[in-house]
Amino acid sequence: MSQLSLFLSFSFCSSIFFIQSISATTPLIYGGCSQIRFTPGTPYELNVNSLFTSIVNSASASNFNNFSVSPSGYAQSNNVVYGLFQCEGDLSNSDCKACVASSVSQLRAICPQAIGGIIQLEGCFVKYDNTSFFGVEDVTVVSKRCGPSIGYNSDSLNRRDAALAYLTASNGQYFRGGGSGSVQGVAQCVQDLSVSECQDCLTEASGRLRSECETSSWGDMFLGKCYIRYVDRDHHSRNSAAGDEDVDKTLALTIGVITGTILLIVFLSSLGKMCDKKGGK
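Owing to the predicted nature of the structure, the values given are computational and were not obtained by experimental measurement.

Colleague: What is the right way to look at the overall build of the protein in this model?
Modeller: On a plain count of helices and strands, the protein comes out with seven helices and eleven strands. Split into buried and exposed, the 281 residues of the protein put 40% on the buried side. Excluding contacts between residues fewer than 6 apart, the proportion of contacts in the protein whose partners are at least 24 apart in sequence is 67%. Accessible surface, the protein as shown: approximately 14200 Å² in total, 54% of it carbon and sulfur.

Below you can see the structure in the form of structure tokens.
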């Protein structure tokens, strides 16, 4: 069985620059690749390409599907590839397809020749591997993010707890949205799980989110097969502007350093040429 090694575990602000370098419209939350590679031109590569095509095409008609691909004439045990996609439950078919297409494109770029890969964007999830993972429960924490603390505020914490309780209430749905007052959230399970397995996953995610984010104005908890997220709009709106300002300052500083370095290189290069000319005389 291949093991997917997660390569992203950044804080919200530090991930912004990486996200922008990959996709300006569909932010990346986390992703990972198998350390085992396949040889280009082999049947497995054909299977992966076929799987990606099926995933993107299917996303135009539904928000979830899974596939196993193995062209006839090749050994199933060595060349079969399993994969699935899932979009957030409130996405339109066109938005779902666009998100999944972006996911596949990014997987091709960041996981070249990897026999397995996983990616979660804002709005959709794609995973593939050479071993079946369909219906397998997974409560491993793959990404967690917490907003700034608002301190101990009993009203806010009560609304947060009420929102999480609403999202984890047993209702038989894989996608859930809602909350309590200013605290709103969403939760979703990968639909290859049973309803009871989904319930267990969300309960686990909710407990870890409360423990990890405590008094945060917003929080995200992504497990292997589900996620739960909340935001307190009363506090988040006031903090987001300050956060954006900090990011702008960091970006400006980074650009300034890069520009200064380039100018220094040009200056030293010109100085070297002048010295060579004088030495030649």
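Colleague: Honestly, the nonpolar core in this entry has me stumped. Any pointers?
Modeller: The tendency in soluble globular proteins is for nonpolar side chains to be buried side by side. One finds Ile 55, Phe 85, Val 100 and Tyr 128 to be the most contacted residues of the largest nonpolar core, which totals 28 residues. Those elements that place two or more of their residues in this core are strand S2 (28-34), helix H2 (43-58), strand S3 (64-69), strand S4 (81-87), helix H4 (93-110), strand S5 (117-121) and strand S6 (124-129). With six residues, H2 is the largest single contributor of residues to this core. Apart from residues no more than four positions distant in its own chain, Phe 85 is found in contact with Ile 55, Ser 58, Ala 59, Ser 62, Asn 63, Phe 64, Asn 65, Phe 67, Cys 96, Val 100, Phe 125 and Val 126. Within the second largest apolar cluster, 18 residues are counted, among which are Val 183, Ala 187, Cys 226 and Tyr 230.

Colleague: Any chance you could explain the packing of H2 against H4 here in plain terms?
Modeller: Two measures define how a pair of helices packs: the angle their axes make with one another and the distance between the axes. Here H2 crosses H4 at 160 degrees, and the two axes come no closer than 9 Å. Classed by the angle they form, the pair H2 and H4 counts as roughly antiparallel. Considering only the axes of H2 and H4, their crossing is right-handed. In this structure, H2 uses Asn 49, Phe 52, Ile 55 and Val 56 to contact H4, whose residues at the interface are Lys 97, Val 100, Ala 101, Val 104, Leu 107 and Arg 108. By residue class, the composition of the contact of H2 with H4 is seven nonpolar, one polar and two charged.

Colleague: Just checking my understanding: could you explain the pattern of salt bridges for this structure?
Modeller: Between side chains of opposite charge, pairing is possible as soon as their charged atoms come close. Counting across every chain of the model gives eight salt bridges. The closest approach of N and O atoms between Lys 144 and Glu 212, which form a salt bridge, is 3.4 Å. Residue Lys 144 is located in strand S7 (residues 141-146), and its partner Glu 212 is located in helix H6 (residues 195-213); the two are separated by 68 residues in the primary sequence. Exposure remark for Glu 212: the relative accessible area of 41% places this residue in the partly exposed category. Each of Glu 122, Arg 145, Asp 220 and Arg 229 takes part in one network of salt bridges that share partners.

Colleague: So what exactly am I meant to see when it comes to the state of the cysteines here?
Modeller: In a disulfide, the sulfur atoms of two cysteines are covalently bonded to one another. All chains considered together, the criterion is met by six disulfides. At a sulfur-sulfur separation of 2.0 Å, the disulfide partner of Cys 33 is Cys 111. One disulfide, between Cys 33 and Cys 111, carries an S-S torsion of -75 degrees and so falls in the left-handed class. Note that Cys 33 is positioned in strand S2 and Cys 111 in the loop between H4 and S5, a separation of 78 residues in sequence. Note on accessibility: Cys 33 and Cys 111 belong to one class, buried. Each sulfur in the disulfide pair Cys 201 and Cys 226 lies 2.2 Å from the other. Taking the torsion about the sulfur-sulfur bond, which here is approximately -90 degrees, the covalent link between Cys 201 and Cys 226 counts as left-handed. Separated by 25 residues along the polypeptide, Cys 201 in helix H6 and Cys 226 in strand S11 (residues 226-232) bring together distant segments of the chain.

Reading the values: the criteria
- Position labels on residues start from 1 in each chain and follow its written sequence.
- A pLDDT threshold of at least 70 governs which residues receive local features in this predicted model, and a stricter bar of 80 or more applies before side-chain atom pairs are shown or counted, although totals over entire chains, interfaces and linings include all residues.
- Side-chain numbers come from the whole structure's heavy atoms, not from hydrogens or water.
- In this text, helices come from DSSP runs of H or I with a minimum length of four residues, and strands from runs of E with a minimum of two, each type numbered from the N-terminal end.
- Burial here depends on accessible area, computed with a 1.4 Å probe over protein chains only, as a share of the maximum for the residue type. Under 20% is buried, over 50% is exposed, and the range in between is partly exposed.
- We call two residues in contact whenever any of their non-hydrogen atoms come within 4.5 Å of each other.
- Each accessible area value is a Shrake-Rupley result obtained with a 1.4 Å probe; residue values ignore everything except the protein chains displayed when judging cover.
- Nine residue types can take part in a nonpolar core, namely buried Ala, Val, Leu, Ile, Met, Phe, Trp, Tyr and Cys, and a core is a set of them joined through side-chain atoms within 4.5 Å.
- All axes here are fitted lines through C-alpha atoms, helices being fitted over the stretch that makes contact, and every angle between N-to-C directions spans 0 to 180 degrees.
- Each angle receives one of four descriptions, namely roughly parallel if under 35 degrees, roughly antiparallel if over 145, roughly perpendicular if within 65 to 115, and oblique otherwise.
- The hand of a helix crossing depends on one turn: near helix anticlockwise from the far one by less than a right angle means left-handed, and clockwise means right-handed.
- Think of it as three bins: nonpolar holds Ala, Val, Leu, Ile, Met, Phe, Trp, Tyr, Cys and Pro, charged holds Asp, Glu, Lys and Arg, and polar takes everything else, Gly as well.
- In what follows, salt bridge is the name for a side-chain nitrogen of Lys or Arg lying within 4 Å of a carboxyl oxygen of Asp or Glu.
- Whenever a pair of cysteine sulfur atoms sits within 2.5 Å, that pair is classed as a disulfide.

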